[in-house]
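An overview of the molecular structure
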Amino acid sequence: MMRIMNTYRPNEFAKLIAKTTSTLQRWDREGILKAHRSPTNRRFYTHDQLSKVLGVTKTQRIAISYCRVSSSNQKDDLLSQQKAVATFCTSAGIAINEAISEIGGGLNLKRKQFIRIMAMVETRAIHTFVVAHKDRLARFGLDWFEYHLEQHGCNLIVINNESLSPESEMVQDLMAIIHCFSCRLYGLRRYKKLIKDAAIENTHGL
């Protein structure tokens, strides 16, 4: 299927609105949200439909706050974040339209609320985005996210309170990274002879 600008395949659209493709199929049958059809009869959705489902109008823009912890046993940490962010926003005169909280690892960029927020940013629905600490949004790549938000007219405000970034999460994420690279290294060792033989063959061919 040829990709049309500002369109989404059903599986992409479903992730952006935190629904399933089965729900989209049902909505299509019931006329709740009719999918567009390509010349080859493939279903797709448009950027305008995304804005409609997310409840965004061209003139409506909101301010949101986002709090996150990695596991459900960190409810006290989550509550501390929520209180600190609320206090900061009140003192800074920032009226928050939606306070979003989520449980999920900082290395996981497929978090349900995270994906929804990025979709709202893309539709320019958010003018201000407040987080307690830079790693609450993502463990790595904050520079890119700052650029992405800026390009869509969204002001990212990071309180940067170190106490609101649980140290235990850093250890968990570090262990996850080590495990990932260890698995890759082990995989390479399995093919060490093949890699060596291929390198020798290429050298002889020069």
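Above this text you will find the structure in question.
What counts, and where the lines are drawn
- Residues numbered from 1 in each chain as written.
- Predicted model: local features only at pLDDT ≥ 70, side-chain atom pairs only at ≥ 80, totals over all residues.
- Heavy atoms only, no water.
- Pairing = 2+ DSSP bridges.
- Helix = DSSP H or I, 4+ residues; strand = E, 2+ residues; numbered from the N terminus.
- Right-handed = clockwise from strand over helix to strand, strands pointing away.
- Core = buried A, V, L, I, M, F, W, Y, C linked by side-chain atoms within 4.5 Å.
- Buried < 20%, exposed > 50% of the residue type's maximum accessible area, 1.4 Å probe, protein only.
- Contact = heavy atoms within 4.5 Å.
- Axes fitted to C-alpha atoms, helices over the stretch in contact; angles between N-to-C directions.

Focus: the pairing of strand 5 (residues 98-103)
A regular strand carries its side chains on alternate faces of the sheet. In the sheet, strand 4 (residues 62-69) pairs with strand 5 via six bridges, with the strands oriented parallel. In the sheet register, S65 faces strand 5, and the bridge partner there is A99. As a crossover connection, the stretch from strand 4 through helix 4 (residues 75-92) into strand 5 is right-handed.

Structural notes on the nonpolar core
Grouped together as the largest cluster of nonpolar side chains are 34 residues, with contacts concentrated most on F13, L24, I117, M118, I126 and F129. Looking at this core, the elements with two or more residues in it are helix 1 (10-16), helix 2 (21-30), strand 4, helix 5 (112-122), strand 6 (126-131) and helix 7 (142-151). Broken down by element, the residue count for this core peaks at seven residues, all from helix 5. For L24, the contacting residues outside a window of four places in its chain are P10, F13, A14, I17, L33, R43 and Y45. Among the nonpolar cores identified, the runner-up in size contains 10 residues, and C67, C89, V130 and A132 belong to it.

Looking at the sheet that holds strand 4
Strand order in this open sheet of four strands is 5-4-6-7, and the pairing throughout is parallel. The sheet is open, and its two borders are formed by strand 5 and strand 7 (155-158), each paired with just one other strand. Strand-to-strand twist in this sheet, taken as the mean axis angle between neighbours without regard to direction, amounts to 20 degrees. In the packing of helix 4 onto the sheet, the strands contacted are strand 4, strand 5, strand 6 and strand 7, and the crossing angle to strand 4 comes to about 155 degrees. Set on the sheet, helix 5 makes contact with strand 4, strand 5 and strand 6; between it and strand 5 the angle comes to about 140 degrees.

Examining the environment of H148
Along the chain, the position of H148 falls in helix 7. Along the chain, H148 and V121 lie 27 residues apart, while their C-alpha atoms are 8.5 Å from each other. Those residues in contact with H148, other than ones at most four positions away along the chain, are M118 and V121.

Notes on the sheet that holds strand 3 (residues 43-46)
The strand order across the open sheet formed by three strands is 1-3-2, and the pairing between neighbours is antiparallel. Lying at the two open borders of the sheet, with one neighbouring strand each, are strand 1 (7-8) and strand 2 (36-37).

Here's the deal with the environment of R9
Residue placement: R9 occurs in the loop between strand 1 and helix 1. C-alpha of R9 to C-alpha of R43: the two residues are 34 residues apart in sequence and 6.9 Å apart in space.

Side note on unusual backbone geometry
Unlike most non-glycine residues, N41 shows phi in positive territory, near 70 degrees. One can find N41 in the loop between strand 2 and strand 3. Judged by its relative accessible area of 51%, N41 is exposed. At R124, a position not held by glycine, the phi torsion is positive, near 60 degrees. Here R124 shows up in the loop between helix 5 and strand 6. R124 gets classed as partly exposed once you look at its relative accessible area, which sits at 42%.

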